[in-house]
Amino acid sequence: MSSVTIENVTGVVIESLGKHGPITDRNREIMTSLVRHLHDFCRDVKLQHHEFIAACQYLARAGQVCDDKRQEFILLGDILGVEVLCDMLTNSVEGTESESTVLGPFYREHPPVLPKGATTAQTHFDGEETVYVEGYVRDAEGKPVAGVTIDIWEDAPNGLYENHDPAQPDFNLRGRFETDENGHYAMRALRPVPYPIPNNETAGELLRMMGHHPNRPGHLHMLLAKDGYRTLVTQIYDSESRWLDEDSVFAVKGSLIGTFEPGRAEHGTDLYLRFDFVLKDAAAEQQIAAE
């Protein structure tokens with residue numbers, strides 16, 4: 001009969017993996033590393049039992065917050081920079097390929113399908129600035145990619161997404177567009193504004209514990225998808241936005257910063273934004289994964 005000690009408990013747990021049931025190689029790799037790092041963390045900070053219980057109660061509260069409009073664990077992962085790290089580990093880029101970033105907690109499936117150049121705004125706000133957004137989607141060789149579905153979603157000038165604001169129409173500032181035969185897309189939207197991520201409940205507790213603010217710079221969410229290409233989940237950040245260098249979820253990348261220029265007469269909007277994308281071929285993605 002073995003005696004568990006501070007020194008050997010980590011090895012005892014790791015040795016138990018797969019002893020009484022099948023375990024995949026990947027699960028063994030993940031669990032071995034998780035146990036080692038978690039145990040080392042506890043030793044490093046000399047975690048006390050009452051702190052362990054408090055952490056369990058905190059996670060229980062986080063689970064109680066989750067519903068169809070708020071996924072608290074994704075939000076906690078964002079605040080800790082975990083989601084953006086996992087995204088970068090998953091979606092490596094080469095050459096001119098567009099960078100991805102976090103999906104965020106406000107995405108909704110099946111937004112309305114809109115014609116090229118249509119607006120996503122269903123209502124008006126005081127102080128709003130309209131923007132005409134256009135660009136081209138190409139492959140890594142510079143060839144246009146037609147038939148790419150582009151989902152767009154953003155907050156309103158009051159800093160709220162429509163699914164968190166009862167005053168906004170359903171699917172306001174959300175839409176689905178498609179590139180034409182030249183890989184061109186175009187849409188009308190509103191200039192996004194900075195906003196605070198939900199900072200009540202357990203997300204707020206974590207932010208206060210970290211001494212961090214909840215604010216995100218203004219950005220447009222984009223999701224580009226077509227069979228044969230890696231789906232791109234990304235954001236376009238306003239180069240003039242506050243919090244650009246201090247994003248609360250650490251998701252800003254230099255290649256994703258766009259410049260909002262004065263609007264052009266032919267578009268009838270206050271502002272103009274040109275932003276192109278380069279999609280990664282799915283076959284190339286599969287080859288990298290296999291290496």
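Residues numbered from 1 in each chain as written. Predicted model: local features only at pLDDT ≥ 70, side-chain atom pairs only at ≥ 80, totals over all residues. Heavy atoms only, no water.

A. Broad picture of the pattern of salt bridges. On inspection of all chains with the given rule, the structure shows 18 salt bridges. Here Glu162 makes a salt bridge to Arg108, at a shortest N to O gap of 2.9 Å. One end of the pair, Glu162, is in the loop between β2 (149-153) and β3 (174-178); the other, Arg108, is in the loop between α5 (82-90) and β1 (130-139), and 54 residues separate them in sequence. Across the salt bridge formed by Arg191 and Asp238, the nearest N and O atoms sit 2.7 Å from each other. Highlighted residues: Arg191 in the loop between β4 (184-190) and β5 (195-196) and Asp238 in strand β8 (residues 232-238), separated in sequence by 47 residues. Just as Arg191 is buried, Asp238 falls in that class too. (Salt bridge = Lys/Arg side-chain N within 4 Å of Asp/Glu carboxyl O. Helix = DSSP H or I, 4+ residues; strand = E, 2+ residues; numbered from the N terminus. Buried < 20%, exposed > 50% of the residue type's maximum accessible area, 1.4 Å probe, protein only.)

B. Up close: the packing of helix α3 (residues 49-65) against helix α6 (residues 201-210). Running from N to C, α3 and α6 cross one another at 135°; their axes reach a closest spacing of 8 Å. With respect to α6, the axis of α3 lies oblique. Here Tyr58, Arg61, Ala62 and Val65 of α3 come into contact with α6, specifically with Glu201, Thr202, Ala203, Glu205 and Leu206. A class-by-class count of the residues in the contact of α3 with α6 yields five nonpolar, one polar and three charged. (Axes fitted to C-alpha atoms, helices over the stretch in contact; angles between N-to-C directions. Parallel < 35°, antiparallel > 145°, perpendicular 65-115°, else oblique. Contact = heavy atoms within 4.5 Å. Nonpolar A, V, L, I, M, F, W, Y, C, P; charged D, E, K, R; others polar.)

C. Broad picture of the packing of aromatic side chains. The full count for this structure, using the stated rule, is seven aromatic pairs. With 5.3 Å between their ring centres and 85° between their planes, Tyr161 and Tyr195 make a pair best called edge-to-face. Of this pair, Tyr161 sits in the loop between β2 and β3 while Tyr195 is found in strand β5, placing the two residues 34 residues apart along the sequence. Neither residue differs from the other here; Tyr161 and Tyr195 are each classed as buried. Taken together, Phe106, Tyr161 and Tyr195 form an aromatic cluster joined through their ring pairs. Cation over ring: Arg108 sits above Phe171, and NZ or CZ is 3.8 Å from the ring centre. Here the guanidinium or amino end of Arg264 rests over the ring plane of Tyr272, the centre of that ring lying 3.7 Å away. (Phe/Tyr/Trp six-rings, centres within 6.5 Å; stacked < 30°, edge-to-face > 60°. Lys NZ or Arg CZ within 6 Å of the ring centre and 35° of its normal.)

D. Layout of the domain arrangement of the protein chain. According to the domain assignment, the protein chain consists of domain 1 (8-69) and domain 2 (77-289). One C-alpha centre belongs to domain 1, the other to domain 2; they are set 34 Å apart. Residue-level contacts link five residues of domain 1 with eight residues of domain 2. Buried area between domain 1 and domain 2, summed over both chains or domains, comes out near 530 Å², and the portion from carbon and sulfur atoms is 50%. Looking only at domain 1, the three residues that lose the most surface to domain 2 are Tyr58, Val65 and Lys69, adding up to 79% of its buried area. Across the contact surface, domain 1 and domain 2 share one salt bridge. Close ionic contact of Glu205 with Arg61 constitutes a salt bridge, the shortest N to O distance being 2.7 Å. The interface formed by domain 1 and domain 2 contains two residue pairs in polar contact (both at pLDDT 80 or more). The residue makeup of the side of domain 1 that touches domain 2, split by class, is three nonpolar, no polar and two charged. (Domains from an automatic or database assignment. Buried area = accessible area lost by both parts, 1.4 Å probe. Polar contact = N/O pair within 3.5 Å; in protein donor to acceptor, adjacent residues only side chain to side chain.)

E. Molecular detail of the UniProt feature "domain: Intradiol ring-cleavage dioxygenases" (unreviewed entry) in the protein chain. Cross-referencing UniProt, the feature "domain: Intradiol ring-cleavage dioxygenases" (unreviewed entry) maps to residues 133-161 in the present numbering. Segment residues 133-161 splits into 0% helix and 41% strand. End C-alpha atoms: 19 Å apart. (UniProt positions renumbered as here; feature names shortened; annotations may be inferred.)

F. Structural detail: the side chain of His267. Turning to its location among the elements, His267 is positioned in the loop between β10 (261-262) and β11 (271-274). Among all residues touching His267, those that are not within four sequence positions of it are Tyr132, Glu134, Arg188 and Tyr272.

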